[in-house]
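Notes for the structure review
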Amino acid sequence: MGKEILFVVSRPPYKSENPKLAITHAMACYVADIHIDEEVEPIMAFVADGVLNCIKNQRSEAFYGIISTEQHIKNQLASDMKMFVCKEDLQRLEIKEERLIDGKDMGAEVDLEMVGFEEILKEMERCDQVMFF
Amino acid sequence: MATLSIGLFSSLVGSMNSDFALKLAEAAANKGHTVNLWFSGNATTLARKGQKSFKDYSYLIEKITALPEKGVSVAVCEACAAARGIHKAEVIEGITVHSMDWYVAKAAQSDRVLHIGGE
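Quick summary incoming for the structure in this document. Predicted model only: the values in this text are computed from it and were never measured.

Summed over the entire model, instances satisfying the criterion amount to 6 aromatic pairs over all chains. Considering the side-chain rings of A:F7 and A:F133, the 6.2 Å spacing of their centres and the 25 degrees angle between planes classify their relative orientation as stacked. Of this pair, A:F7 sits in strand 1 (residues 3-9) while A:F133 is found in the segment after strand 5 (129-132), placing the two residues 126 residues apart along the sequence. When sorted by exposure, A:F7 lands in the same class as A:F133, which is buried. Their ring planes at 75 degrees and their centres at 6.4 Å tell us that B:F54 and B:Y57 sit as a pair that is edge-to-face. Connected via pairs of aromatic rings, a cluster forms that spans A:F7, A:F133 and B:F9. The lysine or arginine in question, A:K15, covers the ring of A:Y64, its NZ or CZ lying 4.8 Å from the ring centre.

It is worth spelling out the interface of chain A and chain B at this point. It is common to give the size of an interface as the accessible area that goes away when the parts come together. The interface of chain A with chain B comprises 23 residues on the first partner and 24 residues on the second. Carbon and sulfur atoms supply 62% of the area that chain A and chain B bury against each other, a total of about 1,800 Å² over both sides. If you look at where chain A meets chain B, you find 1 salt bridge. Across the pair B:R84 and A:E17 runs a salt bridge whose closest N-O atoms are separated by 2.6 Å. At the surface where chain A touches chain B, the tally comes to 7 residue pairs in polar contact (both at pLDDT 80 or more). Contributing elements (two or more residues each) for the side of chain A that touches chain B: strand 1, helix 1 (18-28) and strand 5 of chain A. At 5 residues, the largest contribution of residues to the side of chain A that touches chain B is made by helix 1 of chain A. When the residues that make up the side of chain A that touches chain B are grouped by side-chain class, the tally is 13 nonpolar, 6 polar and 4 charged.

Time to look at unusual backbone geometry. Excluding glycine, residues mostly have negative phi values, and the peptide bonds linking residues are mostly trans. All names here are of chain A. Phi is positive for D80, which is not a glycine, with a value near 65 degrees. Relative to the assigned elements, D80 resides in the loop between helix 3 (69-78) and strand 3 (82-86). Residue D80 is classed as partly exposed on the basis of its relative accessible area, which comes to 45%. The backbone of E94 sits at a positive phi, close to 55 degrees, despite the residue not being glycine. Looking at the secondary structure, you find E94 in the loop between helix 4 (87-92) and strand 4 (113-115). The class of E94 is exposed, set by a relative accessible area of 64%.

For the rest of this paragraph, the subject is the nonpolar core. Counting 55 residues, the largest nonpolar core has A:F7, A:M44, A:I73, A:L112, A:M131 and B:V104 as its most contacted members. Looking at this core, the element that brings in the most residues is helix 4 (residues 100-108) of chain B, giving 7 residues. Ignoring anything within four residues of it in the chain, the contact list for A:F7 reads A:A22, A:H25, A:A26, A:C29, A:P42, A:I43, A:M44, A:A45, A:M131, A:F133 and B:V104. In terms of nonpolar packing, the next biggest core, distinct from the first, is built from 28 residues, B:A25, B:V35, B:I61 and B:I116 among them.

On to the sheet that holds strand 1 of chain A. All names here are of chain A. Taken in spatial order, the 5 strands of this open sheet run 4-3-2-1-5, and their pairing is parallel. The open sheet has two edge strands, strand 4 and strand 5, and neither has a second partner. The sheet shows a mean angle of 25 degrees between the axes of neighbouring strands, direction not considered. Of the strand pairs in this sheet, strand 2 (residues 40-46) and strand 3 are connected by 4 bridges, and their pairing is parallel.

We now examine the state of the cysteines. If you walk through the whole model with that rule in mind, you get 0 disulfides over all chains. Between A:C29, a free cysteine, and A:C127, which holds the nearest cysteine sulfur, the sulfur-to-sulfur gap is 11 Å.

All names here are of chain B. Tracing the sequence through the fold places E90 in the loop between helix 3 (78-83) and strand 4 (96-98). Looking at E90, the relative accessible area reads 26%, which means it is partly exposed. Sequence-distant contacts of E90, defined by excluding residues within four places in its chain, comprise A47, R48, K49 and G85. Within the structure, E90 has its side chain in polar contact with the backbone nitrogen of H87 (distance 2.7 Å).

Conventions and cut-offs
- Residues numbered from 1 in each chain as written.
- Chains lettered and ligands numbered in written order.
- Predicted model: local features only at pLDDT ≥ 70, side-chain atom pairs only at ≥ 80, totals over all residues.
- Heavy atoms only, no water.
- Phe/Tyr/Trp six-rings, centres within 6.5 Å; stacked < 30°, edge-to-face > 60°.
- Helix = DSSP H or I, 4+ residues; strand = E, 2+ residues; numbered from the N terminus.
- Buried < 20%, exposed > 50% of the residue type's maximum accessible area, 1.4 Å probe, protein only.
- Lys NZ or Arg CZ within 6 Å of the ring centre and 35° of its normal.
- Contact = heavy atoms within 4.5 Å.
- Buried area = accessible area lost by both parts, 1.4 Å probe.
- Salt bridge = Lys/Arg side-chain N within 4 Å of Asp/Glu carboxyl O.
- Polar contact = N/O pair within 3.5 Å; in protein donor to acceptor, adjacent residues only side chain to side chain.
- Nonpolar A, V, L, I, M, F, W, Y, C, P; charged D, E, K, R; others polar.
- Core = buried A, V, L, I, M, F, W, Y, C linked by side-chain atoms within 4.5 Å.
- Pairing = 2+ DSSP bridges.
- Axes fitted to C-alpha atoms, helices over the stretch in contact; angles between N-to-C directions.
- Disulfide = S-S within 2.5 Å.

Written out as structure tokens, the structure reads:
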């Protein structure tokens, strides 16, 4: 069993670099074992305005000329990365589950998991490291 | 003694985050701890050579260059730096250039990880 890092994203997508940095750092965990003798397992949790990263049909290519956060999230789901979305924050922003990114578009076997903040707190306690973005 | 990894995401100008992160890294190193300092996002601008001191702006070059001499591993994110036009040849001596896997590996094996700043 290697180390687990929880990446907590609280900022909205685009014009804030943090969510993309969280995603790219999380993906980098899959090759971290070239530096150390153990595997590093990333887990992501979207909270507060960070849940806005998880809405599907993002059109960043058209408006900003950059790859969408949606595409990155789908790639992560296709890599079987565990990804949580805070249920309370989705409710606060009136975002229904059907508006969330669907990992199955990329053939992913896992999907975004809507969980209560209590569950995310438990992950913070359980993981070896927590990185806030 | 413990290992501390600090991820810094703020630029030189705009907040006191960078000043604080460098002071913290220095203080931890002085106490004998192992310190990894990672410049990512806008913090990569701190690693650029040729910064000039003006009285109206933060000037941290001396603090930054002193850290590797104290044993602090200072590294800059290659992709974040390149996105800002900062390439290896322009990075201050003593600061290494790595991809993110280096940092997450260091962080995974640290006793504490702190992220400071961000946009």
